[in-house]
Amino acid sequence: VSAAVFQQCTRNPVRGSSHARKKVAQKRRGLFPPQVLIPFQPPRWGTNPHFQTISAALLGKIPGYTPRQVGLLNESVVVPTQDDTGDRLFLHVHRFLGPENENSPVIVLIHGLEGSSDSLYIIKMADKFLKAGFHVVRMNLRTCGAGVYLANHPYNAGLTIDVETVLEFARS
């Protein structure tokens, strides 16, 4: 993308005549092609939007979840953070044993705000990745989930060093 096109596409609002605005809009469409959207199809038992909201809140976490597959090792690991605070991170590690699985990629799953490694969406993703042959690490951010008492400082979006710590652990 040329610098001129980038400047025109990032300038907000677009100044000038309506003709100039149309040209910029055309360039933007060329930079960002339209995405194909797949319509949401809830299961037959969950077509009511109120039920969807309530069931997500009631079934949002599965504490103590452990996937079961032949040749899969499930571990709970506590890793110290790298910022000299003495805080530690709690991880659930699911890896396949055997020489044929040594080079399988590792997926690190990080929950969202107010979530944990036991959140339903994290567990569902972990199951899908495990079935596809990936090793999976489910990470609890500081003061979340099973690691709630392992850290004195709460997590925030700026603590990228925690993710770096877990990625280094996953590489080893």
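Residues numbered from 1 in each chain as written. Predicted model: local features only at pLDDT ≥ 70, side-chain atom pairs only at ≥ 80, totals over all residues. Heavy atoms only, no water.

A look at the pairing of strand 2 (residues 88-96)
- The buried count for strand 2 comes to seven of nine residues, which makes it a mostly enclosed element.
- In terms of strand pairing, strand 2 meets strand 4 (residues 135-139) through four bridges, oriented antiparallel. Considered in strand 4, the bridge of V93 is made with V137. (Buried < 20%, exposed > 50% of the residue type's maximum accessible area, 1.4 Å probe, protein only. Helix = DSSP H or I, 4+ residues; strand = E, 2+ residues; numbered from the N terminus. Pairing = 2+ DSSP bridges.)

Quick word on helix 5 (residues 160-171)
- Along its 12 residues, helix 5 runs 17 Å from first to last C-alpha, staying within 8% of the 16 Å computed at 1.5 Å per residue.
- Here helix 5 has its buried residues at D162, T165, V166 and A170. Buried residues of helix 5, viewed axially, fall in a sector of 135 degrees; they line one side. In helix 5, the exposed residues that point more than 90 degrees away from the buried face are T160 and R171.
- Where helix 5 is buried, its residues meet strand 1 (72-80), strand 2, strand 3 (106-110) and strand 4. (Expected span 1.5 Å × (residues − 1). Arc of directions from axis to C-beta. Contact = heavy atoms within 4.5 Å.)

Brief notes about the packing of aromatic side chains
- For the structure shown, the criterion picks out one aromatic pair.
- Here the aromatic rings of F129 and F134 are separated by 5.6 Å at their centres, their planes lie at 85 degrees, and the arrangement is edge-to-face.
- You can call F129 partly exposed: its relative accessible area is 26%. (Phe/Tyr/Trp six-rings, centres within 6.5 Å; stacked < 30°, edge-to-face > 60°.)

Some remarks on unusual backbone geometry
- A positive phi angle is found at D84, which is not glycine, with a value near 60 degrees.
- You can see D84 is positioned in the loop between strand 1 and strand 2.
- By relative accessible area, which is 79% here, D84 ends up exposed.

A short note on the pattern of salt bridges
- The final tally for this structure, using the stated rule, is five salt bridges.
- The partner of E75 in a salt bridge is R95, and the shortest N-O contact between them spans 3.2 Å. One end of the pair, E75, is in strand 1; the other, R95, is in strand 2, with 20 residues separating them in the sequence.
- One salt bridge connects R142 with D162, and the closest N-O pair in it is separated by 2.7 Å. Taken as a pair, R142 in the loop between strand 4 and helix 5 and D162 in helix 5 lie far apart in primary sequence, 20 residues in all. Here R142 matches D162 in class, with each residue buried. (Salt bridge = Lys/Arg side-chain N within 4 Å of Asp/Glu carboxyl O.)

Points about the side chain of R142
- Of the residues examined, R142 reaches a relative accessible area of 2% and is grouped as buried.
- Side-chain polar atoms of R142 contact the side chain of D87, separated by 2.9 Å.
- Engagement of the side chain of R142 in a polar contact is seen with the side chain of D162, the distance being 2.7 Å.
- Setting aside chain neighbours within four positions, we find R142 in contact with T81, D83, T85, D87, L89, A151, H153, P154, Y155, L159, I161 and D162. (Polar contact = N/O pair within 3.5 Å; in protein donor to acceptor, adjacent residues only side chain to side chain.)

Points about the sheet that holds strand 3
- Sheet architecture is open: four strands sit in the order 1-2-4-3, paired in mixed fashion. The strands lining the two open edges of the sheet, one partner per strand, are strand 1 and strand 3. The average undirected angle you get between the axes of adjacent strands in this sheet is 20 degrees. (Axes fitted to C-alpha atoms, helices over the stretch in contact; angles between N-to-C directions.)

Observations regarding the confidence of the model for the protein
- Per-residue pLDDT for the protein has a mean of 79; in total, 73% of the residues score no lower than 70.
- Low pLDDT (under 50) marks residues 1-14, which in the prediction has 15 contacts with non-local residues, meaning those over four places away or in another chain. (pLDDT = per-residue confidence, 0-100.)

Details of helix 4 (residues 120-131)
- Here helix 4 spans 17 Å end to end across 12 residues, near enough to the 16 Å set by a 1.5 Å rise per residue.
- Residues of helix 4 that are buried: I122, I123, A126 and L130. Down the axis, helix 4 shows its buried residues gathered within 95 degrees of arc, on one side only. Looking at helix 4, the residues exposed on the side facing more than 90 degrees away from the buried face are K128 and K131.
- Close packing links the buried residues of helix 4 with strand 1, strand 2, strand 3 and strand 4.
- G133 sits one or two residues past helix 4 and shows a positive phi near 95 degrees.

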